[in-house]
Amino acid sequence: MKNIRNFCIIAHIDHGKSTLADRLLEYTKTITEREQQAQVLDNMELEREKGITIKSHAIQMDYTAQNGERYVLNLIDTPGHVDFSYEVSRAIASCEGALLIVDATQGIQAQTISNLYLALGNDLEIIPVLNKIDMDAAMVDEVKDQIVDLIGCDRDEIIAASGKTGQGVEDILEAIVARCPAPKGDEDAPLQALIFDSVFNSFRGVIAYFRVMNGTIRKGERVKFFNSGKEYDADEVGVLKLKMVQRNEVRAGDVGYIISGIKSSADVQVGDTITSVANPCTTGIEGFEEVKPMVFAGVYPVENDEYEELRASLEKLRLNDASLTFEPESSLALGFGFRCGFLGLLHMEIIQERLYREFDMDVITTVPNVSYNVYTSKGDMISIHNPSGLPEPTLVDRIEEPYIHAQIITKTDYLGNVIKLCMEKRGTLKSQNFLTTDRVEVNFEMPLAEIVFDFYDKLKSISRGYASFDYHQIGYKISALAKLDILLNSEPVDALSALIYKDHAYDFGRKMCEKLKELIPRQQFDIAIQAAIGAKIIARETVKAVRKDVTAKCYGGDITRKRKLLEKQKKGKKRMRQVGNVEVPQSAFLAVLKMD
Ligand code: GTP
């Protein structure tokens, strides 16, 4: 155990985590350059495209240090996005040390700090690395100052490196061996292994990745997952090199995988403890949480008759993504579909993209919303995932919504803009802290609902891209919310209902009506677009009638051209939904995302 080192890499997005990880794997000959296809640690196609490490993995390297001793280095990869922060926290809990990578051209960013706090909270040894020093734009001294200020290390503890040229790679490996503590743990104690990730394999079922804290896990033994209480046979255990390598046992301190005939990811919860049935531990490893979806949206097939196919596709996706939830729902406007729960907006985008790519499913996704705790006048609490499910206003005593702690780092020039934006989004300024004379960290408490749409884009544009943002949840708070309905020729469009902060409702209603007026094409009669709270109409627009004759342009009587036009129009119709007598284009269901 004294020659094992478990470490992770924490970095803000694009600061060079994957590139540097590849260099470590090359240097230790875990992979040869030829084997290396782009970046080994990001292996889902989608991840590579997005440049985001979506699912964490682990890889083991053998390294002979300058002192002549051989070491086993386990690199545990962490996902780089707030949607997956619970997985990050479990990966961090599996390590003794962390490389803190900071891009020398960018300096410290919001995710650098939030991940650093997680690492410090788990008592990890921090090894600071200044990356991309090959670049002309590198601000070596300035960023070193930032790092010293942030973690209170000595300047010469910071390793200057480049994932591009390979500079500093050996220094990093030596620092891991010298500075990162060896794991502690008792090989003879009852088994306690922390699950920090799992993947689904269509042939082998679920493969769970773990770090053994105490005891030894053996091939063939009967194991139990502490929190779920489920028991399995450990059909195969092993360590993670470039491929999985089978072993008869994996001992305290080490990182490995287990395959035990588990058919669905939902049965394996990140954060759970694996123990043995014969000699079980008495407590699970601290920090277990059930991950709950935070963002909800209706997902409907574009073609109504593809409902069953959509269900089958979602079921398959859930096999390898336990954080996706879904339940049937129906909408007057959109027909039959599902209300899906996601960890966050990126997760939602990923699912939508996977439905399209892997299952060839074209879906309409409604505007996302958070989940609300609604207290009825009878004293019951119901959890509402869909604004149209809100009880009558007279039956509601109060509504609570989820709040976040938001952390933003920006240039001082944009501080005013950032504060103004957060205030508009109902934020309360908690603290501000100057990192250098021209960079500042601000902390806000604000409702999650306010960042669910358009917050990132707005933040980017008001700061010309010089703002980084991270957040975590802090629980529910009571809010003055109202349900806003949209009516088309007096028919409510359930898919467009929103729960909205009362003081924002008039403005929101007016903008929605204006936007819908742009998006709904003229038809052969006037269309009244109204926004209402309860029975009260708060805004109105009208789409004037027109007699549309698409073939009028084809005066030459060219029949094939005429037919083409008609076909085109028919296709266009498919993308329309009927609400009462009004045809509504799909884009209108996302109108709210397009408002300024
Ligand atoms: P995420 O997985 O998205 O969090 O990004 P990452 O932190 O893994 O960053 P990645 O390794 O993908 O690098 C981001 C970009 O910076 C890529 O275009 C790399 O080629 C480039 N890059 C990484 N390290 C260096 C470096 O040391 N020097 C230079 N010049 N470019 C680098």
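Residues numbered from 1 in each chain as written. Predicted model: local features only at pLDDT ≥ 70, side-chain atom pairs only at ≥ 80, totals over all residues. Heavy atoms only, no water.

- Under the annotation held in an unreviewed UniProt entry, the protein carries the name Elongation factor 4 and is attributed to Mucinivorans hirudinis.
- Heading Subcellular location (unreviewed entry) of the UniProt record for the protein holds this comment: "Cell membrane".
- In its Catalytic activity (unreviewed entry) section, the UniProt entry covering the protein states "GTP + H2O = GDP + phosphate + H(+)". (UniProt positions renumbered as here; feature names shortened; annotations may be inferred.)

1. Some points on the side chain of Gln192
And then number 1: As for its position among the elements, Gln192 is in strand β7 (residues 192-201).
And then number 2: Residue class for Gln192 comes out buried when judged on its relative accessible area of 14%.
And then number 3: In this structure the side chain of Gln192 is engaged in a polar contact, spanning 2.8 Å, whose partner is the backbone oxygen of Thr283.
And then number 4: Once residues within four sequence positions are removed from consideration, Gln192 is found in contact with Arg211, Val212, Met213, Asn214, Thr273, Ile274, Cys281, Thr283, Gly284 and Ile285. (Helix = DSSP H or I, 4+ residues; strand = E, 2+ residues; numbered from the N terminus. Buried < 20%, exposed > 50% of the residue type's maximum accessible area, 1.4 Å probe, protein only. Polar contact = N/O pair within 3.5 Å; in protein donor to acceptor, adjacent residues only side chain to side chain. Contact = heavy atoms within 4.5 Å.)

2. Concerning the packing of helix α7 (residues 307-320) against helix α8 (residues 345-359)
And then number 1: Packing of α7 against α8 brings their axes to within 11 Å, and their N-to-C directions diverge by 110 degrees. Relative to α8, the element α7 is oriented roughly perpendicular. The handedness of the crossing between α7 and α8 is right-handed. Contacts from Leu310, Ser313, Leu314, Lys316, Leu317 and Asn320 in α7 reach Ile351, Arg354, Leu355, Glu358 and Phe359 in α8. (Axes fitted to C-alpha atoms, helices over the stretch in contact; angles between N-to-C directions. Parallel < 35°, antiparallel > 145°, perpendicular 65-115°, else oblique. Left-handed = near helix turned anticlockwise from the far one by under 90°.)

3. A closer look at the sheet that holds strand β13 (residues 244-247)
And then number 1: As summarised here, the arrangement of the 8 strands in space is β11-β10-β16-β7-β8-β15-β12-β13, forming an open sheet in which the pairing is antiparallel. The two strands at the open ends of the sheet, each matched to only one other strand, are β11 (231-233) and β13. Strand-to-strand twist in this sheet, taken as the mean axis angle between neighbours without regard to direction, amounts to 40 degrees.
And then number 2: As paired strands, β7 and strand β8 (residues 205-214) are joined by 9 bridges and run antiparallel to one another. Paired with Ser198 across the two strands is Ala208, which belongs to β8.
And then number 3: Of the strands in this sheet, β7 and β8 are in contact with helix α3 (residues 85-93), which crosses β7 at around 130 degrees. (Pairing = 2+ DSSP bridges.)

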